[in-house]
Protein chains: 4
Amino acid sequence: MTKSTSSMACVLITGFAPFGGEAINPSWQAVQKLDETIIMKHKICTLELACEFNTSISQLINTIESHNPAVVLCIGQAGGRSEISIERIAINVDDARIKDNAGNQPVDTPIEKNGPDAYFTNLPIKRMLQALHNSNIPAAISNTAGTYVCNHVMYGLMHYINDHCAVMKGGFVHIPYLPSQAVHHNGAPSMSEETVINALKVMVAQALNNNSDVKIAAGTTH
Amino acid sequence: MTKSTSSMACVLITGFAPFGGEAINPSWQAVQKLDETIIMKHKICTLELACEFNTSISQLINTIESHNPAVVLCIGQAGGRSEISIERIAINVDDARIKDNAGNQPVDTPIEKNGPDAYFTNLPIKRMLQALHNSNIPAAISNTAGTYVCNHVMYGLMHYINDHCAVMKGGFVHIPYLPSQAVHHNGAPSMSEETVINALKVMVAQALNNNSDVKIAAGTTH
Amino acid sequence: MTKSTSSMACVLITGFAPFGGEAINPSWQAVQKLDETIIMKHKICTLELACEFNTSISQLINTIESHNPAVVLCIGQAGGRSEISIERIAINVDDARIKDNAGNQPVDTPIEKNGPDAYFTNLPIKRMLQALHNSNIPAAISNTAGTYVCNHVMYGLMHYINDHCAVMKGGFVHIPYLPSQAVHHNGAPSMSEETVINALKVMVAQALNNNSDVKIAAGTTH
Amino acid sequence: MTKSTSSMACVLITGFAPFGGEAINPSWQAVQKLDETIIMKHKICTLELACEFNTSISQLINTIESHNPAVVLCIGQAGGRSEISIERIAINVDDARIKDNAGNQPVDTPIEKNGPDAYFTNLPIKRMLQALHNSNIPAAISNTAGTYVCNHVMYGLMHYINDHCAVMKGGFVHIPYLPSQAVHHNGAPSMSEETVINALKVMVAQALNNNSDVKIAAGTTH
């Protein structure tokens, strides 16, 4: 984690520790390369989150409170997806198909007992999508972040934003396997680290630049 | 639509009109075969919903109010999915990739202006899943019903239930193409009408039989 | 195996024993239901082949020689495919990703040392495809039967036909999982036994009825 | 096309012109970057083939005859595949689902009237596969190059090698869309140009270095 030594406004980007038997997590591989980069007068600070239900949200919120970022973008691995997936919504349930890195496997457990069923991201996801496409980067809006630690963290983030600080923008993005991972997953699509890093820069710039979104059809029939 | 002539308790199952260039909608093909069937002392009544944003919810609610069903199960086509998909949640947004049958294409429009971002179904979806598997019917929990008319109707249903009548159970199920449709969609999976009809019976029985659910891991990592 | 007691002309349809950890093989489940059926004045005789490189071809040829069928149609399981797959060609190599039921795993071994690299089927595959589509059964031409026991048997069959008896027609068809199998393969497509049995009847009739094929585009760009 | 001005031994790598409505073909995008590169004392010469049944083979053979390459590696686009696909075999049939760039659409037409049904490549495909995996590049053996111009050219190449010059090694490799193409194909996987170029270098080195192959299981059950 970067220390908050400067008074410059910042953006927090998080990646995850490896899970599910992988040696690496492509989210942290890409995110750490952006540490201390400057995008539109904002310094990027980065954080590797534990892939654990019990600790990941508090880890994230501690860093938010010490850094007070303008934008929080959490990144996670979506093995099997082929595109940058910009998540639209986080839902208030943990339903883990496999154990997390601490050995926990919550099933049908609410993330926040009295929280609403879901929170939409407040990022300008359609502008982000459009900018990625203009940069020749395959991307889509996703309407589910799953029910594992990724969704868990996104829900925790949006719950915090809604409770504390309406001006902070936050959301979640899933990325494909790296090619080095796909080698071990017969037929799985992948995306190069360079493309992912470019995608992160493009999305952060859009998030900083826009307080409202455009209406571009990018839904699914099911 | 069946007339509410008897005093027998009932279950409402809806299907949709064809859309997106299809000649049929597998949901209505299957649902209409169950009309007036008796399952666990409940009569099945059925309704074909228009595939239209503007009219589908009010059509559904009118029939709910005239029939007062114990369970409402809405069924829709998910071309490209291979299994019975039991939807966990409906989200408060229309984002239509194609026009509906009335020519409307809402984009990033809330379904209920002051409604919450999402509603979980109150059906015992894990018991339904388990019972389908025990009946040798491929099925899964889905965490997104899309952003088209299916999600729209599910959101409208759950909004109505939450506003009016906590005792009514309701939810949404997506089904694959019929084989006759898959012939025209290169490589698309399908499910026979017989299997779909059996699946509907199995799910209705579970919905009638259970006021609480079991906790069985059936989530996704993304 | 059916005894060759009558003088009626016959069609031989084979299925396989289960392999790869499955409890059943959908090919034999469907094929055995057709035993002794009459299609166009031909009696169907059926045979369950071992899923073994060393014995399957000789099993098949023994039955061909005792029954002298007009058409030989071998059926195999293609878990993960969604359609009836009519195989166009068999290739002269075994490259087994998993052991067969006798524990053998040949890799890059020719099936016939001095055989040609491949044999096209001599079935009217485009007429069969067209007839399946007209019967509302999802189907496609496949240009690879893999490199496991299915391709092995198809190559052995076509090698025998080319060496011995140009008048006999033979080929191979892959079928999807049954629904009861797909339950155990997260997201895998399936096809009902009724649909598979209908497909077999449709294909046998076309094979008996046509000595030449029609030219209908059904290829792939890669 | 590069002129054959030097006496240095060479390797011929071909790409294709765009087809099927694409603005570019990733095969030629990558291949042209290698022109005049030296790999293991062999100069790379490159050629863009027309995506036309009538002219592509003669274009290829003219260049082979003027350059006398030690290895010929033909590259083509496989939109929808996620990996480098090393083709094992070419089959003696054109079955075009869409017209080629000259407006021709042969259906079930043999490529060589008196040619065998198929030819295996004589490249060391398992060593190439292993070397790609060791370089962290997703790759697989493919048992069908389709029935369009790619298979047509591979068949023409292997027919020429078998007729004329047993010492020349030749084969075909399919590559995914570039990211810039995948943007326009909802959900399609892609591979960066850098990764493809690296893959080509790795495969050429293996082809030059090995006159025999290793036996590594890399087949498919169907």
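Rules behind the numbers
- Residues numbered from 1 in each chain as written.
- Chains lettered and ligands numbered in written order.
- Predicted model: local features only at pLDDT ≥ 70, side-chain atom pairs only at ≥ 80, totals over all residues.
- Heavy atoms only, no water.
- Helix = DSSP H or I, 4+ residues; strand = E, 2+ residues; numbered from the N terminus.
- Rg over C-alpha atoms; globule rule 2.2 N^0.38 Å.
- Buried < 20%, exposed > 50% of the residue type's maximum accessible area, 1.4 Å probe, protein only.
- Contact = heavy atoms within 4.5 Å.
- Areas by Shrake-Rupley, 256 points an atom, 1.4 Å probe, with all protein chains shown as cover.
- 1 Å grid on protein atoms, 1.4 Å probe; cavity = no way out; pocket = protein on both sides within 12 Å on 5 of 7 lines; lining within 4 Å.
- Points joined across faces, edges and corners; volume = space filled by probe spheres on them.
- Nonpolar A, V, L, I, M, F, W, Y, C, P; charged D, E, K, R; others polar.
- Salt bridge = Lys/Arg side-chain N within 4 Å of Asp/Glu carboxyl O.
- Buried area = accessible area lost by both parts, 1.4 Å probe.
- Polar contact = N/O pair within 3.5 Å; in protein donor to acceptor, adjacent residues only side chain to side chain.
- Pairing = 2+ DSSP bridges.
- Axes fitted to C-alpha atoms, helices over the stretch in contact; angles between N-to-C directions.
- UniProt positions renumbered as here; feature names shortened; annotations may be inferred.
- Least-squares fit on C-alpha atoms with pLDDT ≥ 70 in both.
- Expected span 1.5 Å × (residues − 1).
- Parallel < 35°, antiparallel > 145°, perpendicular 65-115°, else oblique.
- Left-handed = near helix turned anticlockwise from the far one by under 90°.
- Phe/Tyr/Trp six-rings, centres within 6.5 Å; stacked < 30°, edge-to-face > 60°.

1. Description of the overall build of chain A
Next, step 1: The secondary structure content of chain A amounts to six helices and eleven strands.
Next, step 2: Its C-alpha radius of gyration of 16 Å places chain A within 12% of the 17 Å reference for a compact globule of 222 residues.
Next, step 3: By residue count, 64% of the 222 residues in chain A fall in the buried class.
Next, step 4: When contacts within chain A are restricted to residue pairs at least 6 apart in sequence, those whose partners lie at least 24 apart make up 79%.
Next, step 5: Accessible surface computed for chain A: about 8100 Å², of which carbon and sulfur atoms make up 46%.

2. Re the layout of surface pockets
Next, step 1: Each pocket or cavity is described by its volume, and for the second largest pocket that value is around 530 Å³.
Next, step 2: Forming the walls of the second largest pocket are 23 residues, and the residues nearest its centre are Phe120, Thr121, Leu123 and Asp213 of chain C together with Asp108 of chain D.
Next, step 3: Of the residues in the lining of the second largest pocket, the class split is seven nonpolar, eight polar and eight charged.

3. Describing the interface of chain B and chain A
Next, step 1: Taken residue by residue, the interface counts 39 residues in chain B and 39 residues in chain A.
Next, step 2: For the pair chain B and chain A, the number of links is eight salt bridges.
Next, step 3: A salt bridge links Lys126 of chain A to Asp108 of chain B, with the shortest nitrogen-to-oxygen separation between them at 2.7 Å.
Next, step 4: Listing elements by their share of the side of chain B that touches chain A, those giving two or more residues are strand S6 (89-91), strand S8 (107-109) and strand S9 (118-120) of chain B.
Next, step 5: Its residues placed into classes, the side of chain B that touches chain A shows 17 nonpolar, 14 polar and eight charged.

4. Brief notes about the interface of chain A and chain D
Next, step 1: Contacts between the two partners involve 16 residues from chain A and, on the opposite side, 16 residues from chain D.
Next, step 2: Here chain A meets chain D over a buried area of about 1300 Å², counting both sides, of which 56% is carbon and sulfur.
Next, step 3: If you look at where chain A meets chain D, you find zero salt bridges.
Next, step 4: Remark: the boundary between chain A and chain D carries four residue pairs in polar contact (both at pLDDT 80 or more).
Next, step 5: Among the elements that line the side of chain A that touches chain D, the one with the most residues is helix H5 (residues 179-182) of chain A, at three residues.
Next, step 6: A class-by-class count of the residues in the side of chain A that touches chain D yields seven nonpolar, eight polar and one charged.

5. So, the sheet that holds strand S11 (residues 169-175) of chain C
Residue and element names in this part refer to chain C.
Next, step 1: The strand order across the open sheet formed by seven strands is S2-S3-S1-S4-S11-S5-S10, and the pairing between neighbours is mixed. The two strands at the open ends of the sheet, each matched to only one other strand, are strand S2 (38-39) and strand S10 (139-142).
Next, step 2: Packing of helix H3 (residues 125-134) onto the sheet brings it into contact with strand S4 (71-77), strand S5 (84-87) and S10, and relative to S10 it is tilted by some 160°.

6. Observations concerning the UniProt feature "active site" (unreviewed entry) in chain A
Residues and elements named next belong to chain A.
Next, step 1: Per the UniProt entry, the sites bearing "active site" (unreviewed entry) are Glu87, Cys150 and His174 in this numbering. Sequence-wise these annotated residues cover 88 residues; spatially they are packed, their C-alpha atoms never more than 10.2 Å apart.
Next, step 2: Mapped onto the secondary structure, Glu87 falls in strand S5 (residues 84-87).
Next, step 3: Once you skip the residues sitting within four places of it in the chain, Glu87 turns out to touch Arg81, Thr121, Ile125, Ser142, Asn143, Thr144, Ala145, Met154, Phe172 and His174.
Next, step 4: Engagement of the side chain of Glu87 in a polar contact is seen with the side chain of Arg81, the distance being 2.9 Å.
Next, step 5: Secondary-structure assignment places Cys150 in helix H4 (residues 149-164).
Next, step 6: Look past the residues within four positions of Cys150 in its chain and what remains in contact with it is Phe16, Gly76, Ala145, Phe172 and His174.

7. Description of the relation of the copies chain A and chain D
Next, step 1: Overlaying chain A on chain D yields an RMSD of 0.0 Å, the required transformation being a rotation through 180° with an accompanying axial translation of 0.0 Å. The relationship between the two copies is best expressed as a two-fold rotation axis. Judged by C-alpha distance, Pro189 of chain A is the residue of chain A that lies nearest the rotation axis, at 2.7 Å.

8. Side note on the pairing of strand S5 (residues 84-87) of chain B
All names here are of chain B.
Next, step 1: Burial along S5 is two-sided: the residues Ile84 and Ile86 and Ser85 and Glu87 are all buried.
Next, step 2: Sheet analysis places S5 next to strand S11 (residues 169-175), joined by two bridges and oriented antiparallel. The residue of S11 that forms the bridge with Ser85 is His174.

9. Concerning unusual backbone geometry
Next, step 1: Of note in this structure, Asp108 of chain B is not a glycine but carries a positive phi near 55°.
Next, step 2: Looking at where Asp108 of chain B falls in the secondary structure, it is placed in strand S8.
Next, step 3: Of note, the phi angle at Met40 of chain C is positive, near 50°, even though the residue is not glycine.
Next, step 4: Within the secondary structure, Met40 of chain C is located in the loop between S2 and strand S3 (42-49).

10. Some words on helix H4 (residues 149-164) of chain D
Next, step 1: Along its 16 residues, H4 of chain D runs 22 Å from first to last C-alpha, staying within 8% of the 22 Å computed at 1.5 Å per residue.
Next, step 2: Taken across its 16 residues, H4 of chain D has 13 buried, putting it largely inside the fold.

11. As for the packing of helix H3 (residues 125-134) of chain D against helix H6 (residues 193-209) of chain D
Residue and element names in this part refer to chain D.
Next, step 1: Running from N to C, H3 and H6 cross one another at 140°; their axes reach a closest spacing of 9 Å. With respect to each other, H3 and H6 are oriented oblique. In terms of crossing hand, the pair formed by H3 and H6 is right-handed. Residues Arg127, Met128, Ala131 and Leu132 of H3 touch H6, and the partners they reach there are Ala199, Val202, Met203 and Gln206.
Next, step 2: In the contact of H3 with H6, the residues fall into six nonpolar, one polar and one charged.

12. Concerning the sheet that holds strand S10 (residues 139-142) of chain A
Residue and element names in this part refer to chain A.
Next, step 1: Taken in spatial order, the seven strands of this open sheet run S2-S3-S1-S4-S11-S5-S10, and their pairing is mixed. Only two strands of the sheet have a single partner each, and these edge strands are strand S2 (38-39) and S10.
Next, step 2: Where strand S1 (residues 10-16) lies against strand S4 (residues 71-77), four bridges are found, and the strand directions are parallel. Along S4, the bridge assignment pairs Leu12 with Val72.
Next, step 3: In the packing of helix H2 (residues 56-67) onto the sheet, the strands contacted are S1, strand S3 (42-49) and S4, and the crossing angle to S3 comes to about 160°.
Next, step 4: Along the sheet, H4 makes contact with S1, S3, S4, S5 and strand S11 (169-175), crossing S11 at roughly 170°.

13. Observations concerning the packing of aromatic side chains
Next, step 1: Under the definition given, this model contains 16 aromatic pairs over all chains.
Next, step 2: Judged by centre distance (5.6 Å) and plane angle (40°), the rings of Phe19 of chain A and Tyr148 of chain A are tilted. Highlighted residues: Phe19 of chain A in the loop between S1 and helix H1 (26-31) and Tyr148 of chain A in the loop between S10 and H4, separated in sequence by 129 residues.
Next, step 3: On the basis of relative accessibility, which here comes to 9%, the residue Phe19 of chain A falls in the buried class.
Next, step 4: On the accessibility criterion, Tyr148 of chain A (2% relative accessible area) is buried.
Next, step 5: Ring geometry for Tyr119 of chain C versus Tyr155 of chain C: centroids 5.1 Å apart, planes at 50°, classification tilted. In this pair, Tyr119 of chain C is assigned in strand S9 (residues 118-120) and Tyr155 of chain C in helix H4 (residues 149-164), connecting sequence segments 36 residues apart. Considered together, Tyr119 of chain C and Tyr155 of chain C belong to a single accessibility category, that of buried residues.
Next, step 6: Grouped by ring-pair contacts, the aromatic residues Phe19, Phe53 and Tyr148 of chain A constitute a single cluster.

14. Observations concerning the pattern of salt bridges
Next, step 1: Going through the model one piece at a time under the given rule, you end up with 24 salt bridges over all chains.
Next, step 2: The partner of Lys33 of chain B in a salt bridge is Glu193 of chain B, with the nearest N and O atoms 3.0 Å apart. With Lys33 of chain B in the loop between helix H1 (26-31) and strand S2 (38-39) and Glu193 of chain B in helix H6 (residues 193-209), this residue pair connects regions lying 160 residues apart in the sequence.
Next, step 3: Lys33 of chain B gets classed as partly exposed once you look at its relative accessible area, which sits at 44%.
Next, step 4: The salt bridge involving Asp95 of chain C is made with Lys126 of chain D; its shortest N-O contact spans 2.7 Å. On the criterion of chain membership, the pair formed by Asp95 of chain C in strand S7 (residues 94-95) and Lys126 of chain D in helix H3 is interchain, its members lying in two chains.

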